[in-house]
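# Working through the structure, step by step
Chain by chain, the residues:
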Amino acid sequence: MSNKKIKIFVACGSGIATSTLVQEKVKKFFTEDSEITPTITKGNLNQISSQDGKVDLILVTSNYKKDTTSPIIQVTNLISGVNEEKTKKEILAKGEELAK
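This text gives an overview of the structure that appears in the document.

The rules behind each value
Residues numbered from 1 in each chain as written. Predicted model: local features only at pLDDT ≥ 70, side-chain atom pairs only at ≥ 80, totals over all residues. Heavy atoms only, no water. Axes fitted to C-alpha atoms, helices over the stretch in contact; angles between N-to-C directions. Helix = DSSP H or I, 4+ residues; strand = E, 2+ residues; numbered from the N terminus. Parallel < 35°, antiparallel > 145°, perpendicular 65-115°, else oblique. Left-handed = near helix turned anticlockwise from the far one by under 90°. Contact = heavy atoms within 4.5 Å. Nonpolar A, V, L, I, M, F, W, Y, C, P; charged D, E, K, R; others polar. Polar contact = N/O pair within 3.5 Å; in protein donor to acceptor, adjacent residues only side chain to side chain. Pairing = 2+ DSSP bridges. Right-handed = clockwise from strand over helix to strand, strands pointing away. Core = buried A, V, L, I, M, F, W, Y, C linked by side-chain atoms within 4.5 Å. Buried < 20%, exposed > 50% of the residue type's maximum accessible area, 1.4 Å probe, protein only.

### Remarks on the packing of helix α1 (residues 17-33) against helix α4 (residues 84-98)
Packing of α1 against α4 brings their axes to within 11 Å, and their N-to-C directions diverge by 65 degrees. As judged from the angle between their axes, α1 and α4 are roughly perpendicular. As for the relative orientation of α1 and α4, their crossing is right-handed in sense. Between α1 and α4, the residues in contact are K25, V26, F29, F30 and D33 and E84, K88, I91, L92 and G95, respectively. The residue makeup of the contact of α1 with α4, split by class, is five nonpolar, one polar and four charged.

Printed below as a string of structure tokens:
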């Protein structure tokens, strides 16, 4: 077990349905393919500004145009399943970069 940890915030429109789906998928990605232990919280798009800077990575299920200090990855395809593997690799790579 590694000591590498990152904090991730998942945001969707309501902060309930799709963010929960993404949260579970991302948790599985890290469990199966990484030595990083993520702490994943979820909420709605309006909560991003309050989480920015407090988390290492922000994942959004829809377009988010405001600037953030925490890196942000758009993850709609984790819901649709289209190009999911590409997004998985992007999230894991960013996680490795941030956990150093």
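From this point, things continue past the structure.
### Thoughts on the environment of N44
In this structure, N44 sits in strand β2 (residues 37-44). Residues N44 and G13, 31 residues apart in the sequence, show an inter-C-alpha distance of 5.2 Å. Once residues lying within four places of it in the same chain are set aside, the contact partners of N44 are F9, A11, C12, G13, S14 and G15. A distance of 2.9 Å separates a polar side-chain atom of N44 from the backbone nitrogen of N46.

### Section: the sheet that holds strand β3 (residues 57-60)
Strand order across the open sheet formed by four strands is β2-β1-β3-β4, with parallel pairing between neighbours. Two strands close off the open sheet at either side, each with one partner strand: β2 and β4 (72-74). Along the sheet, successive strands turn relative to each other by an average axial angle of 25 degrees, direction set aside. The sheet contact formed by strand β1 (residues 5-12) and β3 spans four bridges and is parallel.

### Structural notes on the pairing of β2
Both β1 and β2 contribute to a ladder of eight bridges, which runs parallel. Paired with K7 across the bridge in β2 is T39. At this point the chain moves from β1, through α1, to the parallel β2, and the crossover so formed is right-handed.

### Concerning the environment of I36
Mapped onto the elements, I36 comes out in the loop between α1 and β2. Setting aside its immediate chain neighbours within four residues, I36 contacts K4, K5, I6, F30, G95, E96 and A99.

### Description of the nonpolar core
Ranked by size, the top nonpolar core spans 17 residues in total, and within it I8, V26, F30, L59 and I91 carry the most contacts. Of all elements in the fold, only β1, α1, β3 and α4 reach the threshold of two or more residues within this core. The residues touching V26, leaving out its near neighbours within four places in the chain, are I8, I40, L59, L78 and I91.

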